[in-house]
Amino acid sequence: LVIAPQQHKQGKIFLTSSQQHYLSRVLRLKAGDRFIAMDGQGSWWVSELEASLTQAKILESLCVQTELPVTVTLMAALPKGNGFDDVVYQATELGVACIIPLKSDRTLLNPSPQKLERWRRLTQEAAEQCERPFVPTLLDPIDFTASLQLPETSNASRYICVARGDAPHLLSCLLEQKLASSPSSVVIAIGPEGGWTPVEVEQATGARFQPVSLGRRILRAVTAPILALSLASSVWET
Ligand code: SAM
């Protein structure tokens, strides 16, 4: 169960009504039953539901080490339809620390506040499912040009995936980088269905993004981030 940081105090967790409903009606837990609670900011606890069913006692802290050793940020141009739902869920499973939805020249989607809320809920659900202590941050959508200047990514090793041309493969770049140094953060940018415009690639290159390939086949805008993050997590976990 993901709780807000202010919901726990002095060894107790104060449950919201929807959490009470989830624990007692959906999971059918009774007083004295145990469950795992996490605050999405690194803490996990074994907790015991109290008789009132409105609060739980924290029994012990758990040490969960499932985070990647580097901070990986995904900048992804928004695909049309519901395609970003899967990107958000799977990127969380693959260890992403931050997701930045991009509005690029060829982006087709302008998401509603409800969509953003849904994506943030999906990061929580996915983090719970794959036992991550940290829930990734999902920023509000931002224009591609503005994203190049974000202070959060200024010291990172930056890659922009380009579907055509003779850029080096992301895998060889990541391996080379791992051998040469130990960066604390990596940023990977993926374009929309229609791809980046030449001006966008030029702007990104000017902002220290290295153009990289994900192989010979053109992947869908929802497949490319998953391959890129799979490569990053494999490189940094082996
Ligand atoms: N027609 C577009 C083009 O030629 O760029 C295809 C865009 S592709 C469907 C969507 C995004 O996924 C691309 O902008 C790129 O970021 C990424 N992508 C897909 N396949 C790729 C590949 N083989 N190498 C690198 N990036 C790729």
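Residues numbered from 1 in each chain as written. Predicted model: local features only at pLDDT ≥ 70, side-chain atom pairs only at ≥ 80, totals over all residues.

Going by what an unreviewed UniProt entry lists, the protein is known as Ribosomal RNA small subunit methyltransferase E and is assigned to Allocoleopsis franciscana PCC 7113. Looking at the Function (unreviewed entry) heading of the UniProt record, one finds this comment for the protein: "Specifically methylates the N3 position of the uracil ring of uridine 1498 (m3U1498) in 16S rRNA. Acts on the fully assembled 30S ribosomal subunit." Comment text from UniProt for the protein, heading Sequence similarities (unreviewed entry), reads "Belongs to the RNA methyltransferase RsmE family." (UniProt positions renumbered as here; feature names shortened; annotations may be inferred.)

(A) Quick look at the overall build of the protein. Secondary structure assignment for the protein yields 7 helices and 12 strands. For the protein, buried positions account for 32% of its 238 residues. Considering only residue pairs separated by 6 or more positions, the protein has 76% of its internal contacts joining residues 24 or more positions apart. (Helix = DSSP H or I, 4+ residues; strand = E, 2+ residues; numbered from the N terminus. Buried ≥ 20, exposed ≤ 12 C-beta atoms within 10 Å, placed from the backbone. Contact = placed C-beta atoms within 7 Å.)

(B) Highlighting unusual backbone geometry. At arginine 28, a residue that is not glycine, the phi angle is positive and equals roughly 55°. Examined against the element boundaries, arginine 28 turns out to sit in the loop between helix H1 (17-26) and strand S3 (34-38). Given 8 C-beta atoms within a 10 Å radius, arginine 28 is considered exposed. At arginine 208, a position not held by glycine, the phi torsion is positive, near 70°. For arginine 208, a count of 13 C-beta atoms within 10 Å corresponds to the partly exposed category.

(C) A look at the site of the ligand. As a matter of local geometry, the ligand sits amid 19 residues, with Cys161, Gly191, Gly195, Leu214 and Ala224 nearest to it. Here the residues of the shell around the ligand are counted per class, giving 10 nonpolar, 5 polar and 4 charged. (Near = placed C-beta within 6 Å. Nonpolar A, V, L, I, M, F, W, Y, C, P; charged D, E, K, R; others polar.)

(D) Structural context of the UniProt feature "domain: Ribosomal RNA small subunit methyltransferase E PUA-like" (unreviewed entry) in the protein. Here the UniProt-annotated "domain: Ribosomal RNA small subunit methyltransferase E PUA-like" (unreviewed entry) positions come out as residues 15-51. In the segment residues 15-51, helix accounts for 27% and strand for 30%; the C-alpha atoms at its two ends are 13 Å apart.

(E) Highlighting the packing of helix H5 (residues 170-180) against helix H7 (residues 224-237). Running from amino to carboxyl end, H5 crosses H7 at an angle of 25°, the nearest separation of the two axes being 10 Å. Looking at the two axes, H5 sits roughly parallel to H7. The chirality of how H5 crosses H7 is right-handed. Residues Leu170, Leu171, Leu174, Leu175 and Lys178 of H5 pack against Ala228, Leu231, Ala232 and Val235 of H7. Its residues assigned to classes, the contact of H5 with H7 shows 8 nonpolar, no polar and 1 charged. (Axes fitted to C-alpha atoms, helices over the stretch in contact; angles between N-to-C directions. Parallel < 35°, antiparallel > 145°, perpendicular 65-115°, else oblique. Left-handed = near helix turned anticlockwise from the far one by under 90°.)

(F) Geometry of the sheet that holds strand S2 (residues 12-14). Here we have 5 strands laid out as an open sheet, ordered S1-S2-S5-S4-S3, and antiparallel in their pairing. With partners counted over all chains shown, the strands left at the sheet margins are strand S1 (8-9) and S3, one partner each. Two strands pair when backbone bridges link them, and S3 and strand S4 (residues 44-49) are joined in this way by 5 bridges, in the antiparallel orientation. In the sheet register, isoleucine 36 faces S4, and the bridge partner there is valine 46. (Pairing = 2+ DSSP bridges.)

(G) How the structure looks around the domain arrangement of the protein. The assigned domain composition of the protein is domain 1 (5-62) and domain 2 (71-237). Split into classes, the residues belonging to the side of domain 1 that touches domain 2 amount to 2 nonpolar, 4 polar and no charged. (Domains from an automatic or database assignment.)

(H) Local environment of the pairing of strand S11 (residues 185-190). Across the 6 residues that make up S11, a large majority, 5, are buried. Two elements, strand S6 (residues 71-77) and S11, share 6 bridges in a ladder whose sense is parallel. For threonine 71, the partnering residue across the bridge sits in S11 and is serine 185. As paired elements, strand S10 (residues 157-161) and S11 share 4 bridges and run parallel to each other. Looking at the pairing, serine 157 lines up with valine 186 of S11.

(I) Representation of the packing of helix H2 (residues 83-93) against helix H3 (residues 113-129) in the model. Packing of H2 against H3 leaves a shortest axis separation of 8 Å and a crossing angle of 35°. Both H2 and H3 take part in a crossing whose hand is right-handed. Counting all contacts with H2, which are made through Phe84, Asp85, Val88, Tyr89, Thr92 and Glu93, the residues of H3 involved are Trp119, Leu122, Thr123, Ala126 and Ala127.

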